[in-house]
Amino acid sequence: MRVYPRLKYGGAQLSDASERDTDILKRAVIGALTGLLAGGLLLWAGRMRRRAIVIACLFIAALIGVTVSLAGAYHVLGTDKVGQDVLYLSLKSIRTGLIIGTVTTLVTLPLALFMGVAAGYFRGWADDVIQYIYTVLSSIPSVLLIAAAVLMMQVTIDTHTGWFDTAASRADLRLVFLCLILGMTSWTGLCRLLRGETLKLREMEYIQAAQSFGVSSLRILARHIIPGVMHIILISLVMDFSALVLAEAVLSYVGVGVDPSMISFGTMINGARLEMAREPMVWWALASAFSFMLALVLAANLFADAVRDAFDPRLNRNAA
């Protein structure tokens, strides 16, 4: 019979370990009621009446309330091999995913917008050069290109250790460079879409009329072309966000993503892989990383569908 010692932090507020079940039940009930109350107030303020949405929101609010109530005193999702709280690691992984998705988007947008609009509007040699650039980049396997760039960056960091005061600053720099590398390699799809849309808009009558009246190309681009392609930009960027989160998890799992000391979905899955072979099997770290990553990607995809329905002119025309 294996006897485990009492946890140092989980349930430390109890004078007797036998009171744990009662304390957990009390905290869970209080958290659920608080979550239901907060969710009900938000639904009432938003005038929401759809039954399915109300039930889903109340369930999520109760679940969040229970988690918040228990997290202050217990390890809700357990601990990993070194005693770190898995819930805390999962929340930190969401932060890392949001940073990678947001910063990479900020890198991708200027490149794709400038290249795509320039290729579609000016055509000629500019179109040929830009098409050649993104065709070459698209033909290279993205994982190999990102891995090569990350390894070159890692060699540079290792040979200049004096640049960094702490390991955290080194990990932050690697995260920034990973976002830059992902942005430099993921702009080709949006650029191709913007080029095609700009070619179509360039032949519209109001664009031809503006050119006939001598309006400058810069003014036409700013007043007519760019606003006309904004719906494609919004839809594409939101839909690519979930792909960036999954890409970070894959790259960190194979060792070419974020720094191993930084908490992310990839490092959590990589660490949990070794724990799965233990006896007894430690499965909750992998399950937590998978569940939180699924929730983040699913939320991003649902938001992308809502953005597409709101900004796609073809859908709006059909609804009208």
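Provided above is the structure to which this section pertains.
First, a word on what this report is: a plain description of the structure on this page. (Residues numbered from 1 in each chain as written. Predicted model: local features only at pLDDT ≥ 70, side-chain atom pairs only at ≥ 80, totals over all residues. Heavy atoms only, no water.)

Moving on: the overall build of the protein. Within the protein one finds twelve helices and zero strands. Beginning at the N terminus, the succession of helices and strands in the protein can be written as α-α-α-α-α-α-α-α-α-α-α-α. Computed over its C-alpha atoms, the radius of gyration of the protein comes to 25 Å, more than 25% above the 20 Å expected for a compact globule of 320 residues. Principal axes of the C-alpha set define a box for the protein whose edges measure 85 × 60 × 35 Å. Taken across its 320 residues, the protein has 37% of its residues classed as buried. Considering only contacts in the protein between residues 6 or more positions apart, those separated by 24 or more positions represent 71%. Of the roughly 19,200 Å² of accessible surface on the protein, a fraction of 68% belongs to carbon and sulfur atoms. (Helix = DSSP H or I, 4+ residues; strand = E, 2+ residues; numbered from the N terminus. Rg over C-alpha atoms; globule rule 2.2 N^0.38 Å. Buried < 20%, exposed > 50% of the residue type's maximum accessible area, 1.4 Å probe, protein only. Contact = heavy atoms within 4.5 Å. Areas by Shrake-Rupley, 256 points an atom, 1.4 Å probe, with all protein chains shown as cover.)

Here we come to the environment of Arg20. For Arg20, the location among the structural elements is in helix H1 (residues 20-45). For the pair Arg20 and Gly10, spaced ten residues apart in sequence, the C-alpha separation works out to 9.8 Å. When near neighbours in sequence (up to four residues on either side) are disregarded, Arg20 contacts Leu14 and Tyr74.

Take the nonpolar core next. Within the largest apolar cluster, 22 residues are counted, with the highest numbers of intra-cluster contacts made by Ile130, Trp187, Leu190, Cys191, Leu194, Ile220 and Ile225. Those elements that place two or more of their residues in this core are helix H3 (86-122), helix H4 (124-139), helix H7 (188-202), helix H8 (205-212) and helix H9 (217-254). In terms of residues, this core owes the most to one element, H9, which gives seven residues. When residues no more than four places from it in sequence are discounted, the contact partners of Ile130 are Met115, Ala118, Ala119 and Cys191. (Core = buried A, V, L, I, M, F, W, Y, C linked by side-chain atoms within 4.5 Å.)

Moving on, we come to unusual backbone geometry. Backbone phi values are negative for most residues with the exception of glycine, while trans is the configuration of most peptide bonds. One non-glycine residue, Arg123, lies in positive phi territory at about 50°. As for its placement among the helices and strands, Arg123 is situated in the loop between H3 and H4.

Okay, the environment of Arg170 next. Inspection of the secondary structure assignment puts Arg170 in helix H6 (residues 167-185). Spatially, the C-alpha atom of Arg170 lies 23 Å from that of Leu144, the residues being 26 residues apart in sequence. If we ignore the near neighbours within four places in the chain, the residues touching Arg170 are Gln154, Ile157, Asp158 and Phe164.

Here the focus is the packing of aromatic side chains. Taken as a whole and judged by the stated rule, the model has two aromatic pairs. For the ring pair Tyr121 and Phe122, a centre distance of 5.2 Å and an interplane angle of 90° mean the geometry is edge-to-face. Aromatic pair Trp283 and Trp284: ring centres 5.9 Å apart, planes at 75°, arrangement edge-to-face. Looking at Trp283, the relative accessible area reads 48%, which means it is partly exposed. Between the NZ or CZ atom of Arg202 and the centre of the ring of Tyr121, over which it lies, the distance is 5.5 Å. (Phe/Tyr/Trp six-rings, centres within 6.5 Å; stacked < 30°, edge-to-face > 60°. Lys NZ or Arg CZ within 6 Å of the ring centre and 35° of its normal.)

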